[in-house]
Amino acid sequence: METFFTTNSWVILLMPFLVFLVNGLFLGKRSWRAAAYFAVACMSVAFFFAIKIAIGFFSHVHEHSYIKGWEIEWLRFASADILGFDLVANVGMLLDPISIMMLVVVTAISVLVNIYSIGYMKEDPSAGRFFSLLSLFSFSMLGLVSSTNIFQMFVFWELVGASSYLLIGFWYHKPSAVSASKKAFIVTRFADAFFLAGIIAVSYFTQTFDFIELNKLATVETLNRYAFLGFGTVNVLTVGTLLIFAGGWGKSAMFPLHIWLPDAMEGPTPVSSIIHSATMVVAGIYLTARLFPLFSHSPLTMDVVAYVGAFTALFAAVIAVTQNDIKRILAFSTLSQLGYMLFSLGVSKMVVEEGGAINSLGYSASMFHVFTHAAFKCMLFLIAGQVIHVVHSNNIWDMGGLRKKMPFTYVSCLIACLAIGGIWPFAGFWSKDEIILASLQGGHTVIFAIGLFVGGLTAFYMFRLFFVTFHGESRKELHHVHEDPFMTFPIVVLAIPSAVGGYFAKDLFHHAFVPNMPLHIHELSHPHWLPWVATSMGLSGIILAYFFFGRNKFTQASSIAKAMGPLHTVIENKFYFDEFYLFMTHKVAFRFVAAPIKWFDRKIVDGVMNLTGFLLHAGGAIVRFLQTGQVQMYLSVMILGLLYFCYRVF
Amino acid sequence: MLTFVTPDMLLPILALLVLSIDLFIESKNKTAILFDTAAAGVLLIIVLLFNLPHDQEFYYLTNYKVDGLRLLFKEIFAISLFFTILLGKGYARKNGNWRGILKYDSEFIALLIFCAFGMFCVVSAQELITLFIGLELATIPMYFLTAYYKKDQSSLEGAMKYIIMGSLTSALVLLGYSFWYGAVGCLRYEAILSFVQTNPDNPMFLAGAIFVFAAVCFKLAMVPFHMWAPDVYQAAPTPVTAFLSVASKSTAIAFVITLLYGPLAPIRHVFTYPLGILACITMTVGNLGAMRQYELRRFMAYSSIAQAGYIMLALVGNGKMAVPSIIYYLFIYLATNFCLFFIISVIGQKRPEEFASLRGLAKQSPALAGILVLCLFSLAGIPPLAGFTGKFMLFASAAEGGFYGLVIFAALNSTVSLYYYLLLIKEAYINKPEEDLESLEITFTQSFSIAILTLAVVILGLIPWFSSIITKIVG
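Residues numbered from 1 in each chain as written. Chains lettered and ligands numbered in written order. Predicted model: local features only at pLDDT ≥ 70, side-chain atom pairs only at ≥ 80, totals over all residues. Heavy atoms only, no water.

### Regarding the overall build of chain B
Summing up its helical and strand segments, chain B has 19 helices and two strands in all. Here chain B, with 475 residues, has 63% of them falling under the buried criterion. Of the contacts formed within chain B by residues at least 6 apart in sequence, a portion of 79% connects residues at least 24 apart. If you sum the accessible surface of chain B, you get close to 16,800 Å²; carbon and sulfur atoms cover 69% of it. (Helix = DSSP H or I, 4+ residues; strand = E, 2+ residues; numbered from the N terminus. Buried < 20%, exposed > 50% of the residue type's maximum accessible area, 1.4 Å probe, protein only. Contact = heavy atoms within 4.5 Å. Areas by Shrake-Rupley, 256 points an atom, 1.4 Å probe, with all protein chains shown as cover.)

### So, helix α7 (residues 150-168) of chain A
Across its 19 residues, α7 of chain A extends 26 Å between first and last C-alpha, which sits within 8% of the 27 Å expected from 1.5 Å per residue. Taken across its 19 residues, α7 of chain A has 14 buried, putting it largely inside the fold. (Expected span 1.5 Å × (residues − 1).)

### Some points on empty space enclosed by the protein
Residue and element names in this part refer to chain B. One pass over the full model with this rule turns up eight cavities of 30 Å³ or more. Roughly 100 Å³ of internal volume is contained in the second largest cavity. For the second largest cavity, the full set of lining residues is Leu135, Ala138, Thr139, Met142, Tyr162, Phe218, Lys219, Trp228, Ser248, Thr251 and Ala252. It is helix α5 (residues 128-146) that provides the largest number of residues to the lining of the second largest cavity, a total of four residues. Tallied by class, the residues present in the lining of the second largest cavity amount to seven nonpolar, three polar and one charged. (1 Å grid on protein atoms, 1.4 Å probe; cavity = no way out; pocket = protein on both sides within 12 Å on 5 of 7 lines; lining within 4 Å. Points joined across faces, edges and corners; volume = space filled by probe spheres on them. Nonpolar A, V, L, I, M, F, W, Y, C, P; charged D, E, K, R; others polar.)

### Structural notes on the packing of aromatic side chains
Counting across every chain of the model gives 75 aromatic pairs over all chains. On the basis of an interplanar angle of 90° and a centroid distance of 5.0 Å, the ring pair of tyrosine 143 of chain B and tyrosine 162 of chain B is categorised as edge-to-face. Taken together, the residues tyrosine 143 of chain B in helix α5 and tyrosine 162 of chain B in helix α6 (residues 153-184) connect sequence positions 19 residues apart. Here tyrosine 143 of chain B matches tyrosine 162 of chain B in class, with each residue buried. Judged by centre distance (4.7 Å) and plane angle (55°), the ring pair of tyrosine 420 of chain B and tyrosine 421 of chain B falls under tilted. Using a relative accessible area of 1% as the deciding quantity, one classes tyrosine 421 of chain B as buried. One aromatic cluster is present, formed by Phe57, Phe58, Phe368, Phe371, Phe509 and Phe513 of chain A through successive ring pairs. (Phe/Tyr/Trp six-rings, centres within 6.5 Å; stacked < 30°, edge-to-face > 60°.)

### A few points about a nonpolar patch on the surface
A cluster of nonpolar side chains, Trp599, Phe600, Ile604, Val605, Val608 and Met609 of chain A, forms an exposed patch at the surface whose accessible area comes to about 580 Å². Inspection of the secondary structure puts tryptophan 599 of chain A in helix α26 (residues 577-626). (Patch = residues over 30% accessible without salt bridge, like charges linked within 9 Å, V, L, I, M, F, W, Y side chains within 5 Å. Salt bridge = Lys/Arg side-chain N within 4 Å of Asp/Glu carboxyl O.)

### Some thoughts on the pattern of salt bridges
Residue and element names in this part refer to chain B. A full pass over the atoms with the stated rule returns 25 salt bridges over all chains. The partner of lysine 350 in a salt bridge is glutamate 441, and the shortest N-O contact between them spans 3.2 Å. Here lysine 350, found in the loop between α13 (322-347) and α14 (361-364), pairs with glutamate 441, found in the loop between α17 (404-429) and α18 (444-462); they are 91 residues apart in sequence, far enough to count as distant. Using a relative accessible area of 33% as the deciding quantity, one classes glutamate 441 as partly exposed.

### Let's talk about the environment of glycine 69 of chain A
All names here are of chain A. Within the element layout of this structure, glycine 69 appears in strand β1 (residues 67-78). Linking glycine 69 and asparagine 8, residues 61 residues apart in sequence, is a C-alpha distance of 7.1 Å. Setting aside its immediate chain neighbours within four residues, glycine 69 contacts Thr6, Thr7, Ser9, Met93 and Leu95.

Nothing here speaks to function; it is geometry throughout.
Here it is in structure tokens:
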């Protein structure tokens, strides 16, 4: 199994990091174009390695297999000869089905987004910096997915947070971009604090960071006990896994920590594309999948995962219906799709079975959806960027009638919308169908219903976007409408996996992507009506969207909006969550927590410092005053010294 | 076995050589020849010292001892002498500096070398007469050197104060010795040691010791015997100030260490704690005094008073680390202080040696300004520079004896010192010069010395082997 490419898998990490350094220090300032080509070339090398590893790995796959590409000791927190046990954080690359899949997806999307950015960023004066930071982001994400242990993952996890901060706030002269980047960073950091607490709690009891070790049954037995953890005596397994999951909760922007994600649209569109398709936001899903064997032994954690995911899927889809900003629609759709991936993991625990057996379908379906979603969501963002580039507005009501002017974009968008809408035989159909099936098999009826309904809702809001943007009359004077080749190429390339990727990959995911744990294989029901129902939900969403928005008359739509009245306003304003958080931070936290601390800092801490400074200066003045220049004085002081010695010695 | 004392014997020969070159050779650039000959000679002595075996003991005529500890001290003296000569060269060249030209080069160099010879005698002495003669030999030339700008009134005033107070100190030392002789009946260290072992509480002997330590405190500029230091440092020519602040101070420390770890070892604990208390007061007074100075040499005086306080604090621990940590710190202190004095000499070429003259340095010579920052941070004890490692070991030595209160006090003092070291950096980087600056002239000798010393400041801190070698030799 070990090949040249697995032992040299470090190349995949080296390449983006090299680009970051070279572009950041040298190329970026001289020629952004050179920086861009260098980035594309290096990321292509990384992609080539990832593909080679994937082919080698999946060509003779058997269950529960993994390779450690390489691993070295990094930090030794405790060593056996002193404390009696070892606690070592390694650095390495773990190659197993999900990490290899992510390596391929992330490198592929990095290459395509870099190509796209050549067109998108060509008028930006700081494009060189962009190509440096984008590679830093790719590096962080690649390091995150290939970590061999949870400590290494945390380091890269924070690097992802930091580099996303830099990218979202890329246009730092825009106040909205600055506040969006701060919001993303602070919200995810808030969640990461729990993640770190979880790492500490779990590693304290298991004395290991390694994923392979953590996922063993013995670890579960070690953790499944009651112990005092800071705030009370609790089950370590439940609290530890929940704390770790909290990190993913924030990164994957699950309700109620979803607020950073729509604002993150303030970054350049290629950034949104890479963050929202396969990188930052799926980190939480990936973490849950990575530790799935551990998580699955805690029923409470699994329920939280399932219900948080399902609720976010519904909640975000409802908001997406009312939004007018093309990137915000896509952002809420991302939230909704992430919800799918998450509850798919959660429903792997079957409630119908006594003791709760694991249905590996939920796990593989989730990973499958990560894969297909990466393709079509990345593509949708690239399309949005293309359209914004032409229209110079994010508002879909400023667009319209772009079908004729941008034929490639139009067709690609149709494919992507069909894929995300879950229409047979496009990619999204296969993965979403499996997710819904898994929730039905698991006995989670409510979640099953939500999944089915949100499927229809997804098709509706996506085709609303599609019709309003591309059909009808153009609502704005447009000049030089053209499709930049650099920007069109990645879109067209991504259309292929969005269209047929699901059909061809479904068997691979079904067989190779099973959690690394002992499974009891059950023959589960596979109702034949389900694909029909799911597709018809999607189709009815499309028909409704056509009815409301496809005929260039929006009277019905606005009358319904009017009829809904306050409810529509509430949804359009995203249930006022941003306002709620603003109230909590500005009115409550700032006033009752920050203000007293500020007072203490200004008055007490600074006061003590100032007093110290004053006293020292006074002392200095005394010393200078005594230094009179008179020898008599000097000599008499010496006598004092002699007396001091006499006093001390006798 | 005479090789052990060859370096010591070469010193007076070198001094005489320099004087005779001045007498017999006529040349336009005699100044350069004199300084270069002297520097080459001292370099030879340094090489000889480093090549001697540091793990053997040798007695010359029974009362002149050479061993690893003494060789290390002699290396410190010789290296400071070397850099003082190089530093002096810049002040003796034709255009001189702001205070005038340093004349009578051969005498200047010879006095410095005799001074160093006296210091060599102080560390090697095994009986009190040699010790006294060495001490005087190390001190009397300094009086002349301080007054080297003969026409400068303040220079003469400073030298006068130095002579008056120095004479009192010599009197105190002699008084102390005579008490000791009265108690012991012999001047040799072995005799004193055996006497102290049997009579640790002899009041006459202790009274003598008080006088001797008072004298040492004067040499070290410990509070309250420090009052002479700012005046003398300011009065003396800058190379002499540098030599005073490094070599003279090291001599006094060598004196204390050879006594406390030699004949007075049995009653060491009686003196280390009072010295530790004085050390803490000293660093405080030094730090407070340095806070609002405008004259660079006076500033260095207060800074070195504070540094002496840190160094003496290590003695309080009474442990294995005390002596190695002090010697290690002296090497670092030597490199940092001389580096700073070289920078001062470059700046003081055309301007007064004042804070204000540093203005615009960062623009005019970024490298020099960077080195200034490095040196000041090293003196303030910021990691990873040598000063941090050195200070850490000093404090660790005091903590070894359990004197945590004193260590905390010293650490706080070290924080205060950062304030005034930063003031210099502020002058170099932030404050704008009032008028257009003349360009800085930097000679090859100066840049060479600054390069070597900077390297030492950085490397001594980063590489731990140096301190372990010292520990091996001394411990």
